[in-house]
Amino acid sequence: QLEGKMEAAVDVLRSLENLEEEITATDTEIDMLEKQRNVLVNDRSSKLTKTVQALNNELESLCGSELCLSLSLLPHGVHLLARAEGSPWRPLTTFSGGQRAFLSILFSLSLCNVFPTPFILFDEADAALDCNYSDQLSLLLTRATRAMVLCVTLRENIYKHAGRLVGIHRKDGWSKVVTQ
């Protein structure tokens, strides 16, 4: 009976040794995975930092206006701030609707210059803009992007710089297209 208990104890010890070996192997694997994760995080972070820097450079080149945007990386994500000329940086929510619309267009154009796209579509994006921002948008659209810009607008100061105009109106219950 004592011999049976001794064999059971030896089996338990062997099981414990096997568990210790498995724990050591698992710890080693966890360390290896953490190192791989850190390499990937650093690589992604480096790429994201370069992308944000490229976007900020692009935004800076487009900021001949009185409003400007800035992106910064934070531990919990990307932070987008804006400022009026000579003012401190602040969140977009503190700007008027027209200013936010202009800043959104500015950001879209910058994104398209950093991440090329064949075309950009703005559907009356200028509707909330005052004359000043509308004029600035007109200039931005002519020089700010490598993509084809399709802009639905009712403002002459936007469409007067267009390379091609397409007018659509109703006639006898049907849409009629006029191009220029």
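Calculation rules
Residues numbered from 1 in each chain as written. Predicted model: local features only at pLDDT ≥ 70, side-chain atom pairs only at ≥ 80, totals over all residues. Heavy atoms only, no water. Salt bridge = Lys/Arg side-chain N within 4 Å of Asp/Glu carboxyl O. Helix = DSSP H or I, 4+ residues; strand = E, 2+ residues; numbered from the N terminus. Buried < 20%, exposed > 50% of the residue type's maximum accessible area, 1.4 Å probe, protein only. Patch = residues over 30% accessible without salt bridge, like charges linked within 9 Å, V, L, I, M, F, W, Y side chains within 5 Å. Areas by Shrake-Rupley, 256 points an atom, 1.4 Å probe, with all protein chains shown as cover. Axes fitted to C-alpha atoms, helices over the stretch in contact; angles between N-to-C directions. Parallel < 35°, antiparallel > 145°, perpendicular 65-115°, else oblique. Contact = heavy atoms within 4.5 Å. Nonpolar A, V, L, I, M, F, W, Y, C, P; charged D, E, K, R; others polar. Phe/Tyr/Trp six-rings, centres within 6.5 Å; stacked < 30°, edge-to-face > 60°. Lys NZ or Arg CZ within 6 Å of the ring centre and 35° of its normal. Core = buried A, V, L, I, M, F, W, Y, C linked by side-chain atoms within 4.5 Å. Pairing = 2+ DSSP bridges. Expected span 1.5 Å × (residues − 1). 1 Å grid on protein atoms, 1.4 Å probe; cavity = no way out; pocket = protein on both sides within 12 Å on 5 of 7 lines; lining within 4 Å. Points joined across faces, edges and corners; volume = space filled by probe spheres on them. Polar contact = N/O pair within 3.5 Å; in protein donor to acceptor, adjacent residues only side chain to side chain.

K.L.:
Provide a residue-level description of the pattern of salt bridges, including the pertinent values.
P.N.:
Taken as a whole, this structure holds one salt bridge when the rule is applied. Between aspartate 11 and arginine 14 there is a salt bridge, with its nearest N and O atoms 3.5 Å apart. Of the two residues, aspartate 11 and arginine 14 both sit in helix H1 (residues 2–62), three residues apart, roughly one turn of that helix. Assessed through its relative accessible area of 43%, aspartate 11 is described here as partly exposed.

K.L.:
Quick one: what's the story with a nonpolar patch on the surface, residue by residue and with numbers?
P.N.:
Side chains of Val12, Leu13, Leu16, Leu19 and Ile23 sit close together on the surface and give an oily, nonpolar patch of about 470 Å² of accessible area. Among the secondary structure elements, isoleucine 23 is positioned in helix H1.

K.L.:
A description of the packing of helix H2 (residues 97–114) against helix H3 (residues 131–143) should follow, citing residues and the corresponding values.
P.N.:
Axis angle and axis distance: for two packed helices, these are the angle between their axes and the distance between the axes, and together they describe the pair. Relative orientation of the contacting elements H2 and H3 amounts to 5 degrees, with a least axis distance of 11 Å. In terms of orientation, H2 and H3 fall into the roughly parallel class. From H2, Gln99, Phe102, Ile105, Leu106 and Leu109 reach across to H3, where they touch Tyr133, Gln136, Leu137, Leu140 and Leu141. Grouping the amino acids of the contact of H2 with H3 by side-chain chemistry returns eight nonpolar, two polar and no charged.

K.L.:
Pulling in residues and values, what's your account of the packing of aromatic side chains?
P.N.:
The tally for this structure, following the rule as stated, stands at one aromatic pair. Directly above the ring of phenylalanine 95 sits arginine 90, whose terminal nitrogen or CZ lies 3.9 Å from the centroid.

K.L.:
Let's hear about the nonpolar core: which residues, and what values?
P.N.:
Counting 18 residues, the largest nonpolar core has Phe102, Leu109, Ile120, Phe122, Leu129, Leu137 and Leu141 as its most contacted members. Broken down by secondary-structure element, the contributors of at least two residues to this core are H2, strand E4 (119–123) and H3. Counting residues per element, this core draws most heavily on H2, which supplies seven residues.

K.L.:
Give me the pairing of strand E7 (residues 174–179): which residues, what numbers.
P.N.:
A small share of E7 lies buried, amounting to zero of its six residues. The loop that links strand E6 (residues 166–171) with its antiparallel partner E7 comprises two residues; one of these, aspartate 172, has a positive phi angle of about 55 degrees.

K.L.:
Tell me what's going on with H2, and back it up with residues and numbers.
P.N.:
Taking 1.5 Å per residue, 18 residues should reach 26 Å; H2 reaches 26 Å between its end C-alpha atoms and fits that length. Within H2, the full set of buried residues consists of Gly98, Gln99, Ala101, Phe102, Leu103, Ile105, Leu106, Leu109, Ser110, Cys112 and Asn113.

K.L.:
Explain the layout of surface pockets to me, and be specific about the residues and the numbers.
P.N.:
What the largest pocket holds in volume is close to 630 Å³. It is strand E5 (residues 148–152) that provides the largest number of residues to the lining of the largest pocket, a total of five residues. Among the residues forming the lining of the largest pocket, the class breakdown is 13 nonpolar, six polar and one charged.

K.L.:
Requested: an account of H3, with residues and values cited.
P.N.:
Taking 1.5 Å per residue, 13 residues should reach 18 Å; H3 reaches 19 Å between its end C-alpha atoms and fits that length. Turning to H3, its buried residues number three or more, namely Tyr133, Ser134, Gln136, Leu137, Ser138, Leu140 and Leu141. Where H3 starts, the residue carrying a side-chain oxygen 3.2 Å from the main-chain nitrogen of asparagine 132 turns out to be aspartate 130.

Keep in mind these values describe shape, not function.
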